[in-house]
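So the chains spell out like this:
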Amino acid sequence: MHLRTPLPRPARATRRPVKGRARALLLALCIMGTAVLLPVPSAQAYAPAEPEPEHAYAPVVTVHTEQVQAGPYHLTVGFSTWPLRAMQSLDFTFAPDGGLTGKSGTLSMTRPGIKAGMRSVSRLSRHPRKRSVWGLDIRSLPTAGQWTFTFTVNGPKGQGTGTLSNITVLDQPGPPLALSWTLCALPVLGLIAFLIVAWRRHRPSHRLAVVGV
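Here is what the cut-offs are and how they apply
- Residues numbered from 1 in each chain as written.
- Predicted model: local features only at pLDDT ≥ 70, side-chain atom pairs only at ≥ 80, totals over all residues.
- Heavy atoms only, no water.
- Helix = DSSP H or I, 4+ residues; strand = E, 2+ residues; numbered from the N terminus.
- Buried < 20%, exposed > 50% of the residue type's maximum accessible area, 1.4 Å probe, protein only.
- Contact = heavy atoms within 4.5 Å.
- Areas by Shrake-Rupley, 256 points an atom, 1.4 Å probe, with all protein chains shown as cover.
- Salt bridge = Lys/Arg side-chain N within 4 Å of Asp/Glu carboxyl O.
- Core = buried A, V, L, I, M, F, W, Y, C linked by side-chain atoms within 4.5 Å.
- Pairing = 2+ DSSP bridges.
- pLDDT = per-residue confidence, 0-100.
- Phe/Tyr/Trp six-rings, centres within 6.5 Å; stacked < 30°, edge-to-face > 60°.

Asks: I would appreciate a short explanation of the overall build of the protein chain in the present structure.
Replies: Looking only at helices and strands, the protein chain features three helices and 10 strands. Listing every helix and strand of the protein chain by position from the N terminus yields α-β-β-β-β-β-β-β-β-β-β-α-α. In the protein chain, which comprises 213 residues, the share counted as buried stands at 20%. In the protein chain, once contacts between residues fewer than 6 apart in sequence are set aside, the share between residues at least 24 apart is 57%. As displayed, the protein chain offers around 16,300 Å² of accessible surface, 62% of which is attributable to carbon and sulfur atoms.

Following this line, the structure appears as structure tokens:
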């Protein structure tokens, strides 16, 4: 009588499946590629920023000038945009003959429909991007019509006042401001209406009332 001896089972393979090793290799390659592509910060990146010179800013370009005689002082009024339009930003420059040394002054701008006694008065100061003259940096006139600029200059020859009147400011370019706001608000209003309709259709209280809870 022959007894059959059971054969030993082969040991399970301890090696990682091929797919798992491929994933691990791909992950390692991605990490190495990311490390290579990342920029290395240079010493210049940690250096303190140096102040930009004055000529680094956008220059003030004058495309139109008007002349004003304020007593003994002659001023050249410059505009960076011409013709003028309401709500359009531009630069104003006010250059007295002989420079600004020893001179000071004020400016009042009278808009259409405003009485002369209600005008606002501001001190003339140097233009931030053109320090050799007085000026206004990136300003806009809010309304169309006839504007008036009144200058009062104090200097070695005493005080003088001059007026630049009948400065025509045209209507705002493009569609009216109210129409522009309405067109911009339409998508938001449509979204709000959609959310209200969706909420009313799927509100929880309506479903509970239908099932009788």
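That shown, we press on.
Asks: How should I be thinking about the pattern of salt bridges in this particular structure?
Replies: Opposite charge on two side chains allows them to pair when their charged atoms are near. The full count for this structure, using the stated rule, is two salt bridges. In this structure, R129 engages D91 in a salt bridge whose closest nitrogen and oxygen atoms are separated by 2.7 Å. Here the residue R129 occupies a position in the loop between β7 (126-127) and β8 (130-139), and D91 occupies one in strand β4 (residues 90-96), the gap between them amounting to 38 residues. Among the residues examined, D91 registers a relative accessible area of 8% and is labelled buried. Connected through salt bridges with shared partners, the residues D91, R129 and D137 form a single ionic network.

Asks: What is the right way to read the nonpolar core from this model?
Replies: For soluble globular proteins, nonpolar side chains are generally found buried alongside one another. L75, F79, F92, F94, F149, F151 and L164 are the most contacted members of the largest nonpolar core, which totals 24 residues. The contact partners of L75, leaving out residues within four places of it in the chain, are E66, Q67, V68, A70, F94, A95, P96, W134, F151 and V153.

Asks: I tried to follow the sheet that holds β8 on my own but got confused; where do I start?
Replies: What holds strands together in a sheet is hydrogen bonding between their backbones, with the strands either parallel or antiparallel. The strand order across the open sheet built from five strands is β1-β2-β4-β8-β7, with neighbouring strands paired in antiparallel fashion. The sheet is open, and its two edges are formed by β1 (64-70) and β7, each paired on a single side. Here two bridges tie β7 to β8, and the two strands are oriented antiparallel to one another. Bridging across to β8, R126 finds its partner in W134.

Asks: Can you walk me through the pairing of strand β9 (residues 145-155) in this structure?
Replies: Across a regular strand the side chains alternate sides, sitting on one face of the sheet and then on the other. As judged from the seven bridges shared by strand β5 (residues 104-110) and β9, these two strands associate in the antiparallel manner. Looking at β9, one finds that G105 is bridged to V153. Relative to strand β10 (residues 158-170), β9 runs antiparallel, the two sharing 10 bridges. Looking at β10, one finds that V153 is bridged to G160. Remark: two residues form the turn of the hairpin made by β9 and β10, two consecutive strands paired antiparallel.

Asks: Which parts of the structure should I look at to understand the confidence of the model for the protein chain?
Replies: Keep in mind that low pLDDT regions are not for reading the predicted coordinates in detail. Looking at the protein chain, the pLDDT average stands at 78 and 62% of residues meet or exceed 70. The secondary-structure element of the protein chain with the lowest mean pLDDT is helix α3 (residues 204-211), recorded at 54, while strand β2 (residues 73-79) shows the highest, at 98.

Asks: Is there a simple way to think about the sheet that holds β9 in this case?
Replies: Judged by pairing direction, the sheet is mixed, and its five strands sit side by side in the order β3-β10-β9-β5-β6 without closing on themselves. A strand with exactly one partner marks an edge of an open sheet, and here the two such strands are β3 (84-85) and β6 (120-123). Across two bridges, the pairing between β3 and β10 is parallel. For L84, the partnering residue across the bridge sits in β10 and is V169.

Asks: Help me understand the environment of S132, please; the structure alone is not making it clear to me.
Replies: For S132, the position within the fold is in strand β8. Excluding anything up to four places from it in sequence, S132 contacts L100 and R126.

Asks: Would you take a moment to explain the packing of aromatic side chains for this structure?
Replies: Two aromatic rings are characterised by how far apart their centres lie and by the angle between their planes. Enumeration according to the criterion identifies four aromatic pairs in this entry. Pairing F94 with F151 gives two aromatic rings, centres 5.2 Å apart and planes at 65°, and the pair type is edge-to-face. Taken together, the residues F94 in strand β4 and F151 in strand β9 connect sequence positions 57 residues apart. In terms of burial, F94 and F151 fall into one category: buried. Among the aromatic residues, those joined into a cluster by ring pairs are F79, W82, F92 and F149.

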